[in-house]
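One-letter residues, chain by chain:
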Amino acid sequence: MTQAEPDNVPSGPTLADSPLLAAWVAARDRHSPFTIPGHKRRAGAWGADLGALLDGDVPLYGGLDTVKQEAGRLAAAEAAAAHLWGADWLRFSVGGSTHGNQAVALAVGRPGDKVLVARNAHRSTLLGLVFAGLRPIWLPVGADPTFGINTGISPATLREAIADHPDAVAVLLTEPSYSGVTSDLPALIDLAHGPGLAVIVDQAWGAHFGFADGYPQHAIALGADAMVLSVHKTLIGYSQACLVAARLDRLAADRLDRAFEAGHTTSPAGTILVSIDASRALLAGPGPSLMAELREVVTSARAVLRSVPGVTVPDPDDFPPGRFDPAKLIVQVAGAGVDGIDVERDLAAHGYPVEMADRDTVVPIVTMLDPAAEVDRLVEALVQAIRNAPAAGSRSVTTHQWSPGRQIVDPRTAFFAEQTAVAWREAVGRVCAEVVAPYPPGVPALVPGELIEADTLHTLRTLAAQGTRVAYAADPSLNTFRVLLDGHADTLAHHRR
Ligand SMILES: Cc1ncc(COP(=O)(O)O)c(C=O)c1O
């Protein structure tokens, strides 16, 4: 099936709006670069497809700018973005929010420091804790009983954690959750700032927040100390495009720079960087009006989907104002008695692969680049797929919450500790050595250093059997799990005291 051309894109960002794009065009048209990358944009000699793949690959160094960065083009583009998002410090990353989250983890404390971390944190944050040697105090995440989706961290939860851990140095939040819901961020930020804790927000799914009516505000505008955006998720970034923005009241610029550079490639793809500048230009130009249209398009899609018996679709009105992404389409099919994985397969067969599906829920990602007519077709296909799927009795949505377990040793200690694989039943009650997460959304169910609970293993194995992708497990069959060697955990925990 051919993709329809976007018909709702007015005058997009122009070259004048995106200086990095102009630099990319100039670099692409220059020939004989005696710099890397080694393909020299000549690999098309071995095939047009290979040529098309590599011709756009303009590096930052010796491409968008000289190797010595004499024109300061990247710095100027980052400054323009800092201005737009109201940040004191801002960097473009080609390593996704994975790199962004790990960079901020390296910037907030010292090895052994405690951080208060929302238990819906992405795997990248968890590995950031491993890199930085931070000790997580997990904050349990609330769930909405009707929709079975995360509602975020309540102020009461954070207040209690701060009181119990007055030595914590920062709060790490994931906002919005994969389901598009945000916590009461102003309240959380106020609570954390009182005793001087920095607030870091993984806003990977909310790169578009803060620029149009009806959308949640972005974290920096709400007073957070840093936020990490996946520019490639909901804006027009090339895959891996990310930006990290910070205010410098509680974080230091030189430390942020060092932390950022630690894990960033020394050969960034100019192409990805340009797409971040173009995203900034889009938001400063036609973005807000495109987002207003997107909101309407998704509102209509919800209305059609909600008319299918048993189907529920959360709406911004189901949450307090400004706490739900109006562009998020979470289609819950449990009430219709069908299996979301069947719906996903049917949709894929009709040319509509979706971002996420499990037994109860189907999540197509709709962005401001999706023409209304194309979204209408998706909705038609979705309704049809729900009708085609074999139906059993209506059921309620199952909430998969990964409640904080008992953290016996910190994730870094567990990561490097001696480990072994044991049969899944024997893993219960042992200290976990690996990260295991249903993907998407990539929220770890098993965390290195945590005591493994029977419920978690049952749920993971059930999800996998139902067709959810359970990622990163050392044994993808989930028949064995990696745990710390018996006795080793006790010794490590003892040494930590
Ligand atoms: C909440 C969250 N944070 C971070 C990431 C990592 O983002 P990226 O794929 O840009 O590295 C993801 C990816 O899905 C995510 O869902």
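Not measured: the values here are computed from a predicted model.

1. Section: the sheet that holds strand E12 (residues 361-363)
Taken in spatial order, the three strands of this open sheet run E10-E12-E11, and their pairing is antiparallel. Looking along the sheet, the strands with just one partner apiece sit at the ends: strand E10 (331-332) and strand E11 (356-357). Direction of pairing for E10 relative to E12: antiparallel, over a ladder of two bridges. The partner of Val 331 across the bridge, within E12, is Val 362.

2. Overview of the confidence of the model for the chain
Looking at the chain as a whole, its pLDDT mean stands at 93, while 94% of the residues score no less than 70. Note that residues 1-6 has pLDDT below 50 and, in this model, eight contacts with residues that lie over four places away or in other chains.

3. So, the packing of helix H4 (residues 96-107) against helix H9 (residues 253-262)
With their axes 8 Å apart at the nearest point, H4 and H9 run at an angle of 135° to one another. Regarding the angle of H4 to H9, the classification is oblique. Seen from above, H4 lies across H9 with right-handed handedness. Side by side, H4 and H9 meet where His 99, Ala 103, Leu 106 and Ala 107 of the first sit next to Arg 255, Leu 256, Ala 259, Phe 260 and Ala 262 of the second.

4. Comments concerning empty space enclosed by the protein
Enumeration over the complete set of coordinates arrives at five cavities of 30 Å³ or more. Volume-wise, the largest cavity comes out at about 120 Å³. The wall of the largest cavity is formed by 14 residues, among which His 208, Thr 234, Asp 325, Ala 327 and Val 366 lie closest to the centre. Tallied by class, the residues present in the lining of the largest cavity amount to nine nonpolar, three polar and two charged.

5. Focus: unusual backbone geometry
In this chain, Ile 36 is followed by Pro 37 through a cis amide linkage whose omega measures 5°. Looking at where Pro 37 falls in the secondary structure, it is placed in the loop between helix H1 (19-29) and helix H2 (48-55). With a phi angle near 50°, Lys 40 is a residue other than glycine that sits in the positive phi range. With respect to the helices and strands, the residue Lys 40 is situated in the loop between H1 and H2. A positive phi angle, close to 55°, is found at Arg 41, a residue other than glycine.

6. A short note on a nonpolar patch on the surface
Side chains of Trp 46, Leu 50 and Leu 53 sit close together on the surface and give an oily, nonpolar patch of about 390 Å² of accessible area. By the element assignment, Leu 50 lies in helix H2.

7. Thoughts on helix H7 (residues 185-193)
Leu 185, Leu 188, Ile 189, Ala 192 and His 193 are the residues of H7 that are buried. Considered in projection along H7, the buried side chains sweep an arc of 125° and stay on one side of the axis. Buried residues along H7 sit in contact with helix H6 (155-164), strand E6 (170-174) and strand E7 (198-202).

8. Structural notes on the side chain of Asp 202
Structurally, the position occupied by Asp 202 is in strand E7. Buried and without a salt bridge, Asp 202 has Lys 233 as its closest oppositely charged side chain, separated by 7.7 Å. Of the polar contacts made by the side chain of Asp 202, one reaches the side chain of Asn 101; its length is 3.0 Å. Beyond its immediate chain neighbours, meaning those up to four positions away, Asp 202 contacts Asn 101, His 122, Thr 125, Leu 173, Thr 174, Glu 175 and Val 228.

9. Comments concerning helix H11 (residues 287-306)
Relative to the 28 Å expected for 20 residues at 1.5 Å per residue, H11 spans 28 Å between its end C-alpha atoms, a close match to the ideal helical length. For H11, the complete set of buried residues consists of Gly 287, Leu 290, Met 291, Leu 294, Val 297, Val 298, Ala 301, Arg 302 and Leu 305. Taken down its axis, H11 places every buried residue within 140° of arc, on the same side. Buried residues in H11 make contact with helix H10 (270-284), E10 and helix H13 (372-388).

10. Some points on the pattern of salt bridges
Counted according to the given criterion, the structure contains 15 salt bridges. Note that Asp 249 and Arg 247 form a salt bridge whose closest N and O atoms lie 4.0 Å from each other. On the accessibility criterion, Arg 247 (25% relative accessible area) is partly exposed. Via salt bridges that share partners, Glu 78, Arg 91, Asp 257 and Glu 261 belong to a single interconnected network.

11. Focus on the environment of Val 104
Of note, Val 104 is situated in helix H4. Ignoring any residue separated from it by four or fewer positions in sequence, one finds Val 104 in contact with Ile 200, Ala 226, Val 228 and Val 244.

How each quantity is defined
Residues numbered from 1 in each chain as written. Predicted model: local features only at pLDDT ≥ 70, side-chain atom pairs only at ≥ 80, totals over all residues. Heavy atoms only, no water. Pairing = 2+ DSSP bridges. Helix = DSSP H or I, 4+ residues; strand = E, 2+ residues; numbered from the N terminus. pLDDT = per-residue confidence, 0-100. Contact = heavy atoms within 4.5 Å. Axes fitted to C-alpha atoms, helices over the stretch in contact; angles between N-to-C directions. Parallel < 35°, antiparallel > 145°, perpendicular 65-115°, else oblique. Left-handed = near helix turned anticlockwise from the far one by under 90°. 1 Å grid on protein atoms, 1.4 Å probe; cavity = no way out; pocket = protein on both sides within 12 Å on 5 of 7 lines; lining within 4 Å. Points joined across faces, edges and corners; volume = space filled by probe spheres on them. Nonpolar A, V, L, I, M, F, W, Y, C, P; charged D, E, K, R; others polar. Patch = residues over 30% accessible without salt bridge, like charges linked within 9 Å, V, L, I, M, F, W, Y side chains within 5 Å. Areas by Shrake-Rupley, 256 points an atom, 1.4 Å probe, with all protein chains shown as cover. Salt bridge = Lys/Arg side-chain N within 4 Å of Asp/Glu carboxyl O. Buried < 20%, exposed > 50% of the residue type's maximum accessible area, 1.4 Å probe, protein only. Arc of directions from axis to C-beta. Lys, Arg positive; Asp, Glu negative; His and termini not counted. Polar contact = N/O pair within 3.5 Å; in protein donor to acceptor, adjacent residues only side chain to side chain. Expected span 1.5 Å × (residues − 1).

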